[in-house]
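Each chain, written out:
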Amino acid sequence: MWGPYLMRRFALISIPYLWLLALFLVPFVIVFKISLSDIALSIPPYTPQFDPSAGWPGVTAFLSDLDLENFVFLTTDDLYWRAYLSSLQIAVTSTVLTLLVGYPLAYGMANAPDRWRPTLIMLVILPFWTSFLIRVYSWKGILAGSGYLNQFLLGMGVISDPLTILNTNTAVYIGIVYTYLPFMVLPIYAALERLDGSLLEAAEDLGCSRKSAFWLVTVPLSKPGIIAGSFLVFIPALGEFVIPDLLGGSKTLMIGKVLFEEFDKNRDWPVASAVAVILLLILIIPIILFQRNEQKQREAEQ
Amino acid sequence: MRRFTWFNATSLTLGFAFLYLPITLLVIYSFNGGRNVAVWGGFSTKWYGELVQNEAFLDAAWVTLKVAAFSSTIATVLGTMAAYVLVRGGRFHGRTLFSGMIYAPLVMPEVITGLSLLLLFIGIGFDRGILTIILAHTTFSMCYVSVVVSSRLVSFDRSLEEAALDLGCSPLSAFRLVTLPIIAPAVIAGWLLAFTLSLDDLVIANFASGPSATTLPMKIWSAVRLGVSPEINALSTILIGIVTVGVITASLVSKRAAVKRQRDEQAAVAN
């Protein structure tokens, strides 16, 4: 029989293990299974339903009813195509924009006097603790047709007609850059902070101008931070739902939104599940690349 | 000694203006007394008055707090166990799957996590409500807790535990007397993170909840989908205030603890 030590070890491993199996892995298997089913007018609204009481013939009948029809459907209806492509395009564009906004900020932080830095880091992290939803919502008042930005620009005489920004893709870019900025700034800051200042002095001594020393020394050495930050923005941005829903318009196509609507309004669970499966397949590539970058950095540090 | 250059000062100013201006405007306009939400019409606290009388918001706030308290506490226990298993557990069957299931939820799009949990709850005929939101939140936050706690477990000296075991401690009391006090800051940080993530979550709660339970983010979301709402501005201001005070207090407390620890260590060395 097992001693108390093994019993305890077994309990320690199996409790979190079973929890994750039941509430993370099993739900996934269900999504995958439903993506191979057909929509039906029943409760729940798909067919075939698994019926364990029918025994082995029931299992084979169930398996033979599963097919890839929903995935074929996704390739025929160009809504899904365009939604995947437009999600990719929005995620890439906003990642580049976040880098352009985040790099100077991280650079400024890394070159600030030492006693300032803890405060600056806290100021970057603080918004991260405030509600994501509220931060996205705060842009609604700014970007609306009669919002603060238009009032300001009209008042200054810069424009004569209000700009239409809310409910366009531009608003979605702004929302993503704003909410994910800390994810970009912190890894770049970490890389820049480690940078050895004597390298820059050496470059300047050897006749490099400050500008080319920045491009030839600083930027390449902060590359791991840039890569990590870009993935940390790109991966969640691709499946984003709240930002396109609140700031985007009816023309903004993002896959998270399509999935939600497929489920909520059309109640087509099999197609919603198929959309989810494809989104996961697309995400696997950047996730593996990100893991590899982290691994390489860890090895470099040792 | 590094000093602010003109360029660095500008990029810091612009960057932080971008980060803080939208929230500042939201806070300012929550005190707007005018009829038009976008035009300043004098200082007033009337939206706060309407907010505290709004039963629906108070109910939702109560549901949110209950969910956050329960889910973050269960998640801290499970996440700490999982971290211990990953760092100290050695080899066992299915270890790769286990660590995969800890890291995957961190990168999973919320819509997919939410959808899959909803399909599970419906599949097994589980009535959706406050309990299902707690289950859903516990599942993703335990992974965050486990990452935070395991980074602390990796960095601390294992020989301390071994010394306790050599001196006759049982594994359980070695954990309670040696390991737990050392990883306590990470466990507390993990709990805070889980609590905040639960308070913040809209998408997963929206899938996991049924008609019987509405959380505050769900309430806020349905109120602001159509446009700016002064009541939500007031509510946001209160939430931002609580978080700001909480984060600043936490950072001051941890700073003081670090200073005290340093002093104690110096005193110990001097003796």
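Residues numbered from 1 in each chain as written. Chains lettered and ligands numbered in written order. Predicted model: local features only at pLDDT ≥ 70, side-chain atom pairs only at ≥ 80, totals over all residues. Heavy atoms only, no water.

Enquirer: I tried to follow the packing of helix H1 (residues 4-35) of chain A against helix H3 (residues 55-88) of chain B on my own but got confused; where do I start?
Expert: In a packed pair of helices, the relevant descriptors are the angle between the two axes and the axis-to-axis distance. Contact pair H1 of chain A / H3 of chain B: the axes reach a minimum separation of 9 Å and the direction vectors enclose 120°. On the basis of their axis angle, the class for H1 of chain A and H3 of chain B is oblique. Crossing of H1 of chain A over H3 of chain B shows left-handed handedness. In contact with Ala11, Leu12, Ile13, Ile15, Pro16 and Trp19 of chain A of H1 of chain A, H3 of chain B contributes Ile74, Leu78, Met81, Ala82, Tyr84 and Val85 of chain B. Tallied by class, residues from the contact of H1 of chain A with H3 of chain B come to twelve nonpolar, no polar and no charged. (Axes fitted to C-alpha atoms, helices over the stretch in contact; angles between N-to-C directions. Helix = DSSP H or I, 4+ residues; strand = E, 2+ residues; numbered from the N terminus. Parallel < 35°, antiparallel > 145°, perpendicular 65-115°, else oblique. Left-handed = near helix turned anticlockwise from the far one by under 90°. Contact = heavy atoms within 4.5 Å. Nonpolar A, V, L, I, M, F, W, Y, C, P; charged D, E, K, R; others polar.)

Enquirer: Honestly, the domain arrangement of chain B in this entry has me stumped. Any pointers?
Expert: Along its sequence, chain B is organised into domain 1 (52-227) and domain 2 (235-263). Here domain 1 of chain B and domain 2 of chain B have C-alpha centroids that lie 22 Å from each other. (Domains from an automatic or database assignment.)

Enquirer: Looking at this structure, I do not really get the interface of chain A and chain B. What am I missing?
Expert: Accessible area lost upon the coming together of the parts serves often as the stated size of an interface. Contact residues are listed per partner, giving 78 residues for chain A and 84 residues for chain B. Both faces combined, the contact of chain A with chain B buries some 7,500 Å², and carbon together with sulfur accounts for 80% of it. Among the ionic pairs, Arg225 of chain B bridges to Asp245 of chain A, the shortest N-O distance being 2.7 Å. The tally of links between chain A and chain B comes to 15 residue pairs in polar contact (both at pLDDT 80 or more). (Buried area = accessible area lost by both parts, 1.4 Å probe. Salt bridge = Lys/Arg side-chain N within 4 Å of Asp/Glu carboxyl O. Polar contact = N/O pair within 3.5 Å; in protein donor to acceptor, adjacent residues only side chain to side chain.)

Enquirer: Please clarify how the side chain of Thr132 of chain B should be interpreted in this entry.
Expert: Residues and elements named next belong to chain B. Tracing the chain through its elements places Thr132 in helix H6 (residues 130-155). The exposure class of Thr132 is buried, given its relative accessible area of 0%. There is a polar contact of 2.7 Å between the side chain of Thr132 and the backbone oxygen of Gly129. The contact partners of Thr132, leaving out residues within four places of it in the chain, are Phe121, Phe126, Asp127, Ala208 and Ser209. (Buried < 20%, exposed > 50% of the residue type's maximum accessible area, 1.4 Å probe, protein only.)

Enquirer: What is the right way to look at the pattern of salt bridges in this model?
Expert: For side chains of opposite charge, pairing can occur when their charged atoms come near one another. With the rule as written, the count across this model stands at seven salt bridges over all chains. The salt bridge partner of Glu193 of chain A is Arg117 of chain A, with a shortest N-O separation of 3.0 Å. Placement of Glu193 of chain A in helix H8 (residues 169-194) and of Arg117 of chain A in helix H5 (residues 117-129) is noted, with a sequence separation of 76 residues between them. Taking relative accessible area as the criterion, Glu193 of chain A reaches 35% and is therefore assigned partly exposed. Accessibility expressed as a relative area gives 8% for Arg117 of chain A, which makes it buried. Among the salt bridges present, the one from Glu161 of chain B reaches Arg88 of chain B, with a minimum N-O distance of 2.9 Å. Note that Glu161 of chain B is positioned in helix H7 (residues 158-166) and Arg88 of chain B in helix H3, a separation of 73 residues in sequence. Overall, the relative accessible area of 14% leaves Arg88 of chain B in the buried class.

Enquirer: I tried to follow helix H6 (residues 132-143) of chain A on my own but got confused; where do I start?
Expert: Helical geometry note: an α-helix holds 3.6 residues per turn, so side chains three or four residues apart project in the same direction. All names here are of chain A. When the terminal C-alpha atoms of H6 are compared, their 17 Å separation across twelve residues agrees well with the 16 Å that a helix rising 1.5 Å per residue should span. Of all twelve residues in H6, twelve are buried; the element is thus mostly enclosed. The backbone nitrogen of Leu133 has a side-chain oxygen 3.2 Å away, supplied by the residue at the start of H6, namely Ser131. (Expected span 1.5 Å × (residues − 1).)

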